[in-house]
Amino acid sequence: MTDMNTGAAAAPEAQPEKAPAKPTRVPKRIAKTILNALKGGVVPRIGLPYIAVGRNAEIDALLDDVAVIEEGGASFRFIVGKYGSGKSFLLQTIRSHVMDRGFVVADADLSPERRLHGTKGQGLATYRELMQNLATKTMPEGGALALILERWSDALRLEVAESGLSPAAPGFAEALERRVLAHVTTLDDVVHGFEFGRVLSRYALATAGALDEPEAQKSLVLKWFRGEFATKAEAKTALGVNLVATDDNWYDFLKVFALFLKRAGYKGLLVLIDELVNLYKIPNTVSRQYNYEKILTMYNDTLQGKARHIGIVMSGTPQCVEDRRRGIFSYEALRSRLESGRFVREGRRDLMSPVIHLAPLSVEELLVLIEKLAAMHRDLYATNRTIDETTLAAFLSAEYGRVGAETHITPREIIRDFIEFLNILAQNPDVEPQALIESDAFRAAIGPSNAGKPDDSDDFVEFTL
């Protein structure tokens, strides 16, 4: 009760103090996957929120694009950074974010067999990989194509049933077909939209049992969407459409599919393409230029408004993007669009530009990351050894003390070393962390910072040329 004269509140009854919240415990399956993937130098596809640090500015910039895609726009971004700097980690983090927002995500790594353009099926191979890796919030590990089509078909059948027509009624199939056509006619205005509509109609009717051998019909539709028909004649015989995905038109398939996803209740489609360096490595100049021309087509489509509800993010090293002899910048039309202006300087980035250059993680951010990994490792292997913050700081000091570390060391190298460090301590209880850090494996080499202060234990300290 409040004192009316002074406005002071009466002292409340004493309440027992709440215990501090315990840190979130990582499930063993996820912890094992994370640690094994990071030790192997790759990014895990699950559990990233448990270890995410830094990159807030980059994530916010990409999520701004996601909002535009949701409203019917499109976007295109390049993520540029050195090997091991966190490009793939950022892509997978964005992947998790947008799936939680109701987007469908398709991701693929380029390789000598998977390119953006090719004469021997390399472009089609990339499309097949993207469709194979379609992921949603309920199927984050990929393979969600059948689920997406099934969910859409079920929603249409429910709409017809709610109109008062029983699924067992004679006119249900006709009513469902009219409802399907009402959904897919919006695709007729885009390239290949009519054929997409016919194939989607067949899947919905097969799901409702309105076609003979419905499971076989659904399998044929999935095969068509995955780009597995070899010829148009084969697709014509199986599904009645004179169209298949090829090296030349696979990107058009993605654009139509993005529009369909919006009609199916999703927010849009985000396409993530990693390892652009494999285009840089193409030895034939003409083939390389055709691939860069494909990038230009996708870039122009998204930024000029020809594509809707789709976002594309590609990642690569600075060399594969900025090299004017073999990189993306060797294609003048792309270089003139992507090159930074004269106002961008070190420490002054433009995160609204098409190219996002990854800044190195700070020492403080790396300290937080390895602290999370140490706790995860301790819980997973039930070890009683706790690595204190002083030891963690000493580990980072040893890593950064190596010659060239300031400019060349990457988070990947540090994380791999740290997990190895934890593994050795777990398997050798008699080894002290500080002794391991000070051993030959972690001893800082003589560099500019300690030049002129020779190590007396070095047998070759007096050796000169």
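Residues numbered from 1 in each chain as written. Predicted model: local features only at pLDDT ≥ 70, side-chain atom pairs only at ≥ 80, totals over all residues. Heavy atoms only, no water.

Burial analysis of strand E4 (residues 310-316) places seven of its seven residues in the buried class, the great majority of the element. Burial of the side chains of E4 extends over both faces: Ile310, Ile312, Met314 and Gly316 are buried on one face and Gly311, Val313 and Ser315 on the other. Inspection of the sheet shows strand E1 (residues 74-80) paired to E4 by seven bridges, in the parallel sense. Along E4, the bridge assignment pairs Ser75 with Gly311. (Buried < 20%, exposed > 50% of the residue type's maximum accessible area, 1.4 Å probe, protein only. Helix = DSSP H or I, 4+ residues; strand = E, 2+ residues; numbered from the N terminus. Pairing = 2+ DSSP bridges.)

Moving on to the environment of Thr302. Tracing the backbone through its elements, the reader meets Thr302 in helix H12 (residues 285-304). Accessibility expressed as a relative area gives 3% for Thr302, which makes it buried. Each C-alpha atom, one on Thr302 and one on Lys255, is 9.8 Å from the other, the two residues being 47 residues apart in sequence. When residues no more than four places from it in sequence are discounted, the contact partners of Thr302 are Ala74, Ser75, Phe76, Tyr251, Ala307 and Ile312. A distance of 3.0 Å separates the side chain of Thr302 from the backbone oxygen of Met298, its partner in a polar contact. A polar contact of 3.0 Å, which involves the side chain of Thr302, links it to the backbone oxygen of Tyr299. (Contact = heavy atoms within 4.5 Å. Polar contact = N/O pair within 3.5 Å; in protein donor to acceptor, adjacent residues only side chain to side chain.)

Applying the stated rule across the entire model yields 14 aromatic pairs. Taking 5.7 Å as the distance between ring centres and 70° as the angle between the ring planes, the aromatic pair formed by Phe76 and Tyr299 counts as edge-to-face. Within this pair, whereas Phe76 is found in strand E1, its partner Tyr299 is found in helix H12, the two being separated by 223 residues in sequence. Overall, Tyr299 belongs to the buried group, its relative accessible area being 6%. Seen in terms of ring centroids, Phe196 and Phe253 are 5.3 Å apart; in terms of plane orientation they differ by 70°. Their pairing is edge-to-face. Highlighted residues: Phe196 in helix H7 (residues 193-207) and Phe253 in helix H10 (residues 250-263), separated in sequence by 57 residues. Across this residue pair, the class does not change: Phe196 and Phe253 are buried. What links up through ring pairs into an aromatic cluster is the set Tyr127, Trp152, Phe196, Trp224, Phe225, Phe253, Phe257 and Phe260. If you follow Lys223 out to its NZ or CZ, it ends over the ring of Phe229, 4.8 Å from the centre. Its guanidinium or amino end placed over the ring of Tyr280, Arg326 lies 5.4 Å from that ring's centre, counting from NZ or CZ. (Phe/Tyr/Trp six-rings, centres within 6.5 Å; stacked < 30°, edge-to-face > 60°. Lys NZ or Arg CZ within 6 Å of the ring centre and 35° of its normal.)

Turning our eyes to something else, we now look at the side chain of Gln92. Tracing the chain through its elements places Gln92 in helix H3 (residues 87-100). The exposure class of Gln92 is buried, given its relative accessible area of 11%. Apart from the residues within four sequence positions on either side, Gln92 is in contact with Val43, Pro44, Arg45, Leu48 and Asp107.

This part covers unusual backbone geometry. Residue Arg55 is not a glycine yet carries a positive backbone phi of 60°. Tracing the chain through its elements places Arg55 in the loop between helix H1 (28-39) and helix H2 (56-70). For Glu213, which is not glycine, the phi dihedral falls at a positive 50°. Within the secondary structure, Glu213 sits in the loop between H7 and helix H8 (214-225).

By way of backbone hydrogen bonds, the strands of a sheet pair with one another, either parallel or antiparallel. Taken in spatial order, the five strands line up as E2-E3-E4-E1-E5 in an open sheet, and their pairing is parallel. Each edge of the sheet is formed by a strand with only one pairing partner; in this case those strands are strand E2 (104-109) and strand E5 (355-357). Sheet twist, expressed as the mean angle between neighbouring strand axes with direction ignored, is 15°. Where E1 lies against E5, three bridges are found, and the strand directions are parallel. Bridge pairing in E5 places Phe78 opposite Val355. Packing of H3 onto the sheet brings it into contact with E1, E2, strand E3 (269-274) and E4, and relative to E3 it is tilted by some 165°. (Axes fitted to C-alpha atoms, helices over the stretch in contact; angles between N-to-C directions.)

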